[in-house]
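The primary structure of each chain is shown beneath.
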Amino acid sequence: MPQFGAGGVDLAARSYERLLAATYDALKSVSPDVNVIGGALSPSGQDKPKSARQTHSPTTFIKDLGAAYRQTGRRRPIMDMFAIHPYLIPSRLPPTFAHPKTTTIGIADYPKLVRLLTNAFARTAQRGETLPIVYDEFGYQTQIPGRKRPLYTHLGSPAATDAISEALQATYYRRAFALAACQPTVAGLLIFHVADERDARGWQSGVYYANGTPKSSLSAVRDGALAAQSGTLGRCAVSKTTSNLGGVAFHEPTVTAPAMLSVDFSCALPCSYAAQVVDSRTGAVVAAAGGKAVGQTTLSLPADSLEAGSYQYVLRTLKSGKPGTAEARFSRAFSLLLGTPTDPPSEPPEAPLPSLPTLPLLPQPPFALPTLLPTVPAAS
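Residues numbered from 1 in each chain as written. Predicted model: local features only at pLDDT ≥ 70, side-chain atom pairs only at ≥ 80, totals over all residues. Heavy atoms only, no water.

Caption draft 1: Layout of the state of the cysteines. Throughout the structure, instances matching the rule amount to two disulfides. The side chain of Cys182 participates in a disulfide bridge whose partner is Cys236; the two sulfur atoms lie 1.9 Å from each other. Judged by the torsion about the S-S bond (-80 degrees), the Cys182/Cys236 disulfide is left-handed. Of the two residues, Cys182 is situated in helix H5 (residues 166-182) and Cys236 in the loop between helix H6 (218-230) and strand E5 (249-251); the sequence distance between them amounts to 54 residues. One disulfide in the model links Cys267 with Cys271; its S-S distance is 2.1 Å. Residues Cys267 and Cys271 are joined through a disulfide that is right-handed, its torsion about the S-S bond being 80 degrees. Assessed through its relative accessible area of 2%, Cys267 is described here as buried. The buried category is assigned to Cys271, whose relative accessible area is 0%. Taking only the cysteines that form disulfides and numbering them from first to last, the protein has the pattern 1-2, 3-4. (Disulfide = S-S within 2.5 Å. Helix = DSSP H or I, 4+ residues; strand = E, 2+ residues; numbered from the N terminus. Buried < 20%, exposed > 50% of the residue type's maximum accessible area, 1.4 Å probe, protein only.)

Caption draft 2: Structural context of the pairing of strand E6 (residues 260-279). With 14 of 20 residues buried, E6 is to be regarded as a mostly interior element. Pairing between E5 and E6: two bridges, direction antiparallel. Bridge pairing in E6 places Phe250 opposite Val263. Both E6 and strand E7 (residues 285-302) contribute to a ladder of 16 bridges, which runs antiparallel. Across the sheet, residue Leu261 finds its bridge partner in E7, namely Leu301. Hairpin connection between E6 and E7: a loop of five residues separates the two successive antiparallel strands, and Gly283 in this loop has a positive phi of roughly 85 degrees. Here E6 pairs with strand E8 (residues 309-319) via nine bridges, running antiparallel. Bridge pairing in E8 links Ala274 to Arg316. (Pairing = 2+ DSSP bridges.)

Caption draft 3: Representation of the packing of aromatic side chains within the structure. Scanning the model with the defined rule gives 12 aromatic pairs in all. A ring pair is formed by Tyr140 and Tyr172, whose centres lie 4.9 Å apart and whose planes are at 50 degrees; its orientation type is tilted. With a gap of 32 residues between them, Tyr140 in the loop between strand E3 (133-138) and helix H4 (158-161) and Tyr172 in helix H5 connect regions that are remote in the sequence. Both residues of the pair, Tyr140 and Tyr172, count as buried. With a centroid separation of 6.5 Å and 40 degrees between ring planes, the pair formed by Tyr311 and Phe334 is classed as tilted. (Phe/Tyr/Trp six-rings, centres within 6.5 Å; stacked < 30°, edge-to-face > 60°.)

Caption draft 4: A look at the pairing of strand E2 (residues 81-84). Residues Met81 and Ala83 point to one face of E2 and Phe82 and Ile84 to the other, with burial holding for every one of them. As paired elements, strand E1 (residues 37-41) and E2 share four bridges and run parallel to each other. The residue bridging Ile37 from the neighbouring strand is Met81, located in E2. Regarding the hand of the β-α-β motif, the stretch spanning E1, helix H2 (residues 58-72) and E2 is right-handed. Examined bridge by bridge, E2 and E3 share three bridges and lie parallel to one another. In the strand pairing of E3, Ile84 is matched with Tyr135. A crossover connection joins E2 to the parallel E3 through helix H3 (residues 110-121); in handedness this β-α-β unit is right-handed. (Right-handed = clockwise from strand over helix to strand, strands pointing away.)

Caption draft 5: Fine view of the nonpolar core. In this structure, Phe82 and Tyr135 are the most contacted members of the largest nonpolar core, which totals 47 residues. Elements that contribute at least two residues to this core include exactly helix H1 (11-30), H2, E2, H3, E3, H5, strand E4 (186-191) and H6. Discounting residues that sit within four places of it in the chain, Phe82 has contacts with Ile37, Gly38, Gly39, Leu41, Ile62, Leu113, Leu117, Leu131, Pro132, Ile133 and Val134. (Core = buried A, V, L, I, M, F, W, Y, C linked by side-chain atoms within 4.5 Å. Contact = heavy atoms within 4.5 Å.)

Caption draft 6: Molecular detail of the sheet that holds E4. Reading across the sheet, the four strands line up as E1-E2-E3-E4 and stay open at both edges, with parallel pairing between neighbours. The sheet is open, and its two borders are formed by E1 and E4, each paired with just one other strand. Ignoring which end each strand starts from, the neighbouring axes of this sheet average 15 degrees apart. Packing against the sheet, H5 makes contact with E3 and E4, and its axis sits at approximately 165 degrees to E4. (Axes fitted to C-alpha atoms, helices over the stretch in contact; angles between N-to-C directions.)

Caption draft 7: View of unusual backbone geometry. Note the cis peptide between Met1 and Pro2, where omega equals 0 degrees. For His154, which is not glycine, the phi torsion reads 55 degrees and is therefore positive. Residue placement: His154 occurs in the loop between E3 and H4.

In structure tokens form, the structure reads like this:
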């Protein structure tokens, strides 16, 4: 705020451009691999300076953001990706519903969105036509069954009445995944929320009820998301590479001392990687390695200094020089046993490191997550 100035000029886009530019420069000074996501626009807006609740539509805001960027004469980008909330209201509208004659933008309005970004930033240092897009808030509220109603408050509010069945929620989420998976510059889609808000004046679009128990839509939504990620949810008119990261193998610890942990993975294009071993109970990082790679890669992480316990691998990669392409893989928990003691060191031991603060134990998941990869026998 304010959204508008004298004569209805768009002050919001102008101010946001300055904020985004300053943020971009500050974050890139820390690391060029930091992924700066700009936008986070609502799907609709009024564009009426004299209205009681001043808002801009995404169509107008993107045009004005591009104009503000051009006026500064800036020769650096202001973002690596662009985010928008493609909600559809009322909830009965499917993800395939488009808005060709209005300023609203949903998932089915992808061509319009790309055209707006292209025109806004053409012939500047900021990518437009090829700018990766993130649908960072998308949700369909579900009707709350009688046995779950005591978990919620204000179920009679107008916001709570715009809801659909859990079966239709699953269908619509899968359709949205399929659309996004075939849109060439879309990098991802985030469901908002994972779990319902207890106050029904908020949003009940999760695949879990407010008490954390799963809805009947969970399995279909989860399977659809995994299929979209692997590129098998449907056929696309235009081919799209969904992953640069190839097969990943997390190896079990060796039985010899010093113990070693290793990870096999491949990157189709040059990538930066960071591998970690974390305490599966607390999430604390106990070993790490990083670097750059292309093709098949095997990396080792020393584990001789670790205590016996339960651990987990974490591998993150991104295409070198391309923030916004990060991918992560996690292993199931594995046990590390104490190995055979090694000969005493010839050099005096170093002073012990100061003890780390105790971390709270992580809650155990209610069921095995399909995204956790199994560990395989140690590499020979």
